[in-house]
Amino acid sequence: MKRLKTIRPAAWIAMAFLVLWLVVLWFWIYADRGLDSQFTAERWQAGGTKYSQVSAFISEDAAFTDNAVLLTRQAVDEALTVASLDAETDGARLWIDAYSAEAAVTAANDVNTQTARAICTGGDFFRFHPLDMISGWYYSGDEATDAVVVLDQNLAWKIFGGTDVAGMELYVNGYACTVAGVSAVPQNTDEKAAYGLEPTLYIPYSFMERQKSGAPVLTCYEAVLPEAVKDFGTDTIKTALGFEDTQCEILQNTDRFSFGNSIGVAKAYESRSQRTGRIYYPWWENAARAVESRSSLLAVLLILLAVYPVIYGVVMGVRYGKQGVGKLKDRISKRKESSHGHAKHK
């Protein structure tokens, strides 16, 4: 009874730490839920081929344009050919990509005018960033014209006074285009904070190129491609782009929320918060980095919370192990004594 009273407080503490550990584990596992832009590879892959998603954030000094995108695609195609990677189905695409840049534009109809943030897009942008649509739908590169635009609900209300405006005419920097649809403002807590309140529209990069002011240089390039071996996707995109580390930051989205990566982020937490380059992050990457930072702290907390239960378990294991060995020795000794007693009696 005295021994139980000695063990009981330590056992309760270990159980409390274990419960806290499970709670933190739940938060860590579900920390990245709602970040659809980080799981394009999972949505794209089919069959037994593993895919990885890679993002490159490029300095404006690098002057990356859509012509450079064509050269990058050629380099990636050559790398996939050398690696003997083919689509599992004839006619299917083996990999996809998207590119984007941000600019300030003037959006107007016959009544209202509003300054807005324009996300200038190319490639399969909406595969990587599946916006929640309130009305209408996305535009695509297959349409007969690129004079189309997707407004967010903030801009739709300011220009048209509502969100059911698909098919209406809008002028962007004085150039006419048609509203394809209206997207909702992100509701995920981290995405909502990174997105902000600025009225926003999404517009084809090619449409911006035809304007007198021209299109901004591209600052984001994304791709989903087969992961033939570890880091194949990251290395392929890095080689294809050909930028110096100071001009471009490349990361793999697919494993960025793994436990190992979370610990790595925690180790580099201080240097990570220091921005020394001229690389711009779009709102969806700022949201992902916020979640990544929080996941790293949760991962560290998981390790700390596990220390006491593990030590307690080891101590109890050793203690009861010794007791078990002692009892086993006593039983063996008693059996030997009993055997000798029977032998003498005979």
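For the structure, check the block above.
Everything numeric here is computed off the predicted structure, so don't read it as measured data.

Conventions used here
Residues numbered from 1 in each chain as written. Predicted model: local features only at pLDDT ≥ 70, side-chain atom pairs only at ≥ 80, totals over all residues. Heavy atoms only, no water. Helix = DSSP H or I, 4+ residues; strand = E, 2+ residues; numbered from the N terminus. Pairing = 2+ DSSP bridges. Salt bridge = Lys/Arg side-chain N within 4 Å of Asp/Glu carboxyl O.

Caption draft 1: Geometry of unusual backbone geometry. The backbone of asparagine 173 shows a phi angle near 55 degrees, a positive value even though the residue is not glycine. Tracing the backbone shows asparagine 173 in the loop between strand S6 (169-172) and strand S7 (175-183). Here aspartate 231, not a glycine, exhibits a phi torsion of approximately 70 degrees, which is positive. When you line up the elements, aspartate 231 lands in the loop between strand S9 (220-226) and helix H8 (232-241).

Caption draft 2: Region of interest: the pairing of S7. Bridge count for strand S4 (residues 133-136) against S7 is 3 bridges, and the pairing is antiparallel. Note on S7: the bridge partner recorded for glycine 136 is glycine 181. Hairpin connection from S6 to S7: 2 residues lie between these consecutive antiparallel strands, with asparagine 173 at a positive phi of about 55 degrees.

Caption draft 3: Inspection of the pattern of salt bridges at higher detail. Evaluation of the coordinates by the stated rule reveals 11 salt bridges. Among the ionic pairs, aspartate 32 bridges to arginine 33, the shortest N-O distance being 2.8 Å. For the salt bridge of aspartate 124 with arginine 93, the shortest nitrogen-to-oxygen distance reads 2.8 Å. Residue aspartate 124 is found in the loop between strand S3 (113-123) and helix H4 (125-128), and its partner arginine 93 is found in the loop between helix H3 (66-82) and strand S2 (96-108); the two are separated by 31 residues along the sequence. What emerges from the salt-bridge pattern is a single network uniting Arg93, Asp124 and Arg127.

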